[in-house]
Amino acid sequence: MSSKKPTYQELKAKLAEAEKTIAALRREEVDAVVGNQHVALLRLREAEEALIKSEHEKTVILDTMSEHVVYRDTKMRVLWANKAAGESVGLAPEQLVGRHCYEIWHQRSKACVVCPAKETLKTSQEEEMEITTPDGRIWRIRTYPIRDANGEIVGIANVTLEITERKRDEQEREQLLADLELKNRELESFTYTVSHDLKGPLVSLSGFSSALQKELHDQLSEQGRHYLERIQANVGYMDTLITDLLELSRIGQVVGPREEIDTAVLVRDIQEELAVKLEQVGAEFVVKGPLPAVHADRERIRQVFANLIDNSLKFRSEDRPLRIEVGCQKQEGFYRFHVTDNGIGITHQYHEKMFAPFQQLDPKAEGMGIGLALVKKIVEHHGGRTWVESKEAQGASFYFTLPTEPPR
Amino acid sequence: MKQANRKMNREDAEAPSETYMLRLFVAGEESNSKQARENLMKICEAHLKGKYKIEIVDVLNNFEAALESNILLTPAVVVVSASPPVTIFGNLSDTEKVLTALGLAGGES
């Protein structure tokens, strides 16, 4: 019957059936398609639901961001925007879709002249830009090209973050640092002036007390002469104090010219200068291994070594003959020098404190306690640092570092 | 109750002692197929109690049977006893449409 030419009725029935088939497909009420060889399962809803779910999740994630995330086509029309981007202009993200970005955010009828998205279209690369809007806010915009399966750019995504506050903080910090540096310099010059000015009266004090002693010595009673001695001793003490203070304040101002200096020669010179004293106390002086050449202020570095070696001499132990060792180790970008002795050592609690000026740990020792402060300041000016390792009654090791390369 | 009675009366008048032969094509336990099975049972129990026979064909086990009946999509139910046989596609959630296809639509509307 049906092998013959189909009747109008049959055709109509077939068409109706086709329509019903399409309708069922549209309603997604179909599970499988039966083919000649096998059955193919159609999981339309599942695939769609999975897609909707992942879309939803992505939207939720992007909406939690404080950055504005906008996806535009190559004509700068918004295809998608996150919540923050919408809120920036008081609109729901959907209300931005289809409009030009320059019209939404910059109230312009044409594309902006400077635009990272335009750059990205030009370079096909990620671009970053900082812009300041007329209201004075600063933004960092990053744009990324979005490509289709063939690698063609189909749109630009951008992530925009307001950095006004961060910028302001940065500027404030820089300002503070500059202020601090200025204050430090002022303080140094103040110290210098004051100590310099103090020298004047001290000179007359010293001069007049000498005259007093010379010319009126016999007229003074025993007690008077004793008072005079005390005055002179204190004048001497004060002179040393002011000289040291002057020296310390100068470091910041007087950084001598840096030159290539051989520390081996430097240390040998110091050793010769101190030869008599070393012999007096029966000290052994050892230079361990080769010492390098450094790029530094010769006189200042000489002071560093001299002060540290002098310290070892001062704080030697009564129980054993003094041994001083000077050495150096090359480290990453630095030379680490050490001056080690077997003296009385330093208790741990003083390890930090002792580098501060006028910290005299042993009241019986000579000097004002300016030496280590001087060492620290000189080393820091050369870009290095100082520290001490010591156990009480077992000697001490003073370390300082100097850069292997001259500063740029 | 009254409505059902009236329908029954009408059917009795038009096709006395008729048995509905239904063949339901499903794809295993896929969700639409499962729904179609449940919906068909419900409709038949409500409207054709005692006057129907359902044969279920799982195309995953026997796709030749589907091809023989010209069934290309599942779920689908073929009213074999009708002449010509009527086919309904989908999960049969629209009861009204199923009743129409079975020739059971009421004349109320």
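See the structure printed just above.
The text that follows walks through the structure, step by step, so that each part is easy to find. (Residues numbered from 1 in each chain as written. Chains lettered and ligands numbered in written order. Predicted model: local features only at pLDDT ≥ 70, side-chain atom pairs only at ≥ 80, totals over all residues. Heavy atoms only, no water.)

### Quick look at the overall build of chain A
- Within chain A, the regular secondary structure consists of 12 helices and 14 strands.
- Counting the 408 residues in chain A, one finds 33% classified as buried.
- Taking all contacts inside chain A whose residues are at least 6 apart in sequence as the whole, residues at least 24 apart take part in 56%.
- Surface summary for chain A: the accessible area is close to 25900 Å², and the carbon and sulfur share equals 53%. (Helix = DSSP H or I, 4+ residues; strand = E, 2+ residues; numbered from the N terminus. Buried < 20%, exposed > 50% of the residue type's maximum accessible area, 1.4 Å probe, protein only. Contact = heavy atoms within 4.5 Å. Areas by Shrake-Rupley, 256 points an atom, 1.4 Å probe, with all protein chains shown as cover.)

### What to know about the side chain of N82(A)
Residues and elements named next belong to chain A.
- Inspection of the secondary structure assignment puts N82 in the loop between β4 (78–81) and α3 (83–87).
- For N82, a relative accessible area of 0% translates into the label buried.
- Apart from the residues lying within four places of it in its own chain, the contact partners of N82 are L62, D63, M65, E67, H68, V69 and P93.

### Examining the sheet that holds strand β14 (residues 396–403) of chain A
Residues and elements named next belong to chain A.
- Strand order in the open sheet formed by 5 strands is β9-β11-β12-β14-β13, and the pairing between neighbours is mixed. Here the strands that pair on one side only, and so sit at the sheet edges, are β9 (284–288) and β13 (386–390). Across the sheet, the mean angle from the axis of one strand to that of its neighbour is 15 degrees, orientation sign disregarded.
- Strand direction decides the pairing type here: β9 and strand β11 (residues 323–331), joined by 5 bridges, are parallel. The residue of β11 that forms the bridge with F285 is I324.
- Here helix α11 (residues 298–314) sits on the sheet in contact with β9, β11, β12 (334–341) and β14, set at roughly 175 degrees to β14. (Pairing = 2+ DSSP bridges. Axes fitted to C-alpha atoms, helices over the stretch in contact; angles between N-to-C directions.)

### A short note on the side chain of S209(A)
- Residue position: S209(A) is located in helix α7 (residues 164–216).
- Not counting residues within four places of it along the chain, the set of residues in contact with S209(A) comprises L228(A), I231(A) and Q232(A).

### Some details on the pattern of salt bridges
- Scanning the entire structure with this criterion turns up 22 salt bridges over all chains.
- One connected set of salt bridges, linked through shared partners, spans D135(A), R137(A) and E162(A). (Salt bridge = Lys/Arg side-chain N within 4 Å of Asp/Glu carboxyl O.)

### Re the nonpolar core
- In this structure, F305(A), I309(A) and F398(A) are the most contacted members of the largest nonpolar core, which totals 41 residues.
- At the level of secondary structure, the elements contributing two or more residues to this core comprise α9 (263–273), β10 (293–296), α11, β11, β12, α12 (371–381) and β14 of chain A.
- When residues in this core are grouped by element, the largest group, 7 residues, is from α11(A).
- Ignoring any residue separated from it by four or fewer positions in sequence, one finds F305(A) in contact with T263(A), L266(A), V267(A), I270(A), V326(A), F337(A) and F400(A).
- L22(B), A36(B), C44(B) and L99(B) belong to the second largest nonpolar core, which has 18 residues in total. (Core = buried A, V, L, I, M, F, W, Y, C linked by side-chain atoms within 4.5 Å.)

### Examining the interface of chain B and chain A
- In this assembly, 23 residues from chain B lie in contact with 20 residues from chain A.
- Of the roughly 1700 Å² buried at the junction of chain B and chain A (both faces included), carbon and sulfur atoms supply 53%.
- Contact with chain A buries area across many residues of chain B, yet E30(B), L73(B) and F89(B) alone supply 34% of it, more than any other trio.
- At the boundary of chain B and chain A, one finds 0 salt bridges.
- Counting every contact that joins chain B to chain A gives 9 residue pairs in polar contact (both at pLDDT 80 or more).
- When grouped by side-chain class, the residues that make up the side of chain B that touches chain A number 13 nonpolar, 8 polar and 2 charged.
- With 2 bridges connecting them, strand β1 (residues 32–34) of chain A and strand β3 (residues 73–74) of chain B associate as antiparallel partners. Bridging from a neighbouring strand, V33(A) pairs with L73(B) of β3(B). (Buried area = accessible area lost by both parts, 1.4 Å probe. Polar contact = N/O pair within 3.5 Å; in protein donor to acceptor, adjacent residues only side chain to side chain. Nonpolar A, V, L, I, M, F, W, Y, C, P; charged D, E, K, R; others polar.)

### Some thoughts on the state of the cysteines
Residues and elements named next belong to chain A.
- Within this structure, the stated rule accounts for 0 disulfides over all chains.
- Residue C115 stays outside any disulfide, its sulfur separated by 5.8 Å from that of C101, the closest cysteine.
- Owing to a relative accessible area of 11%, C115 belongs among the buried residues under this scheme. (Disulfide = S-S within 2.5 Å.)

### Points about α9(A)
Residues and elements named next belong to chain A.
- All of the buried residues along α9 are T263, L266, V267 and I270. One side of α9 holds all its buried residues, which, seen down the axis, span an arc of 95 degrees.
- Considering only its buried residues, α9 is in contact with β8 (259–262), β9, β10, α11, β11 and β12.
- Regarding α9, its N-cap is D262, as a side-chain oxygen of that residue lies 3.0 Å from the backbone nitrogen of A264 further along. (Arc of directions from axis to C-beta.)

### Notes on a nonpolar patch on the surface
Residue and element names in this part refer to chain A.
- Together, L187, F190, V194, L198 and M238 make up an exposed nonpolar region whose accessible area comes to about 440 Å².
- In terms of residues, the nonpolar patch owes the most to one element, α7, which gives 4 residues.
- Structurally, M238 is set in helix α8 (residues 222–251).
- Relative accessible area serves as the criterion here: at 36%, M238 is assigned to the partly exposed category. (Patch = residues over 30% accessible without salt bridge, like charges linked within 9 Å, V, L, I, M, F, W, Y side chains within 5 Å.)

### A word on the pairing of strand β4 (residues 76–79) of chain B
Residues and elements named next belong to chain B.
- In β4, alternate side chains face the same way, and those of A76 and V78 on one face and V77 and V79 on the other are all buried.
- As paired elements, β4 and strand β5 (residues 86–89) share 4 bridges and run antiparallel to each other. Looking at β5, one finds that A76 is bridged to F89.

### Topic: the sheet that holds strand β6 (residues 138–147) of chain A
Residues and elements named next belong to chain A.
- Strand order in the open sheet formed by 5 strands is β4-β3-β7-β6-β5, and the pairing between neighbours is antiparallel. Two strands in the sheet have a free side with no partner beyond their single neighbour: β4 and β5 (127–132). Taken over all neighbouring pairs, the strand axes of this sheet differ in orientation by 25 degrees on average, direction set aside.
- Sheet topology places β6 next to strand β7 (residues 153–162); 9 bridges connect them, and they run antiparallel. Paired with I141 across the strands is T160, a residue of β7.
- On the sheet, α7 packs against β5, β6 and β7 and is oriented at approximately 130 degrees with respect to β6.

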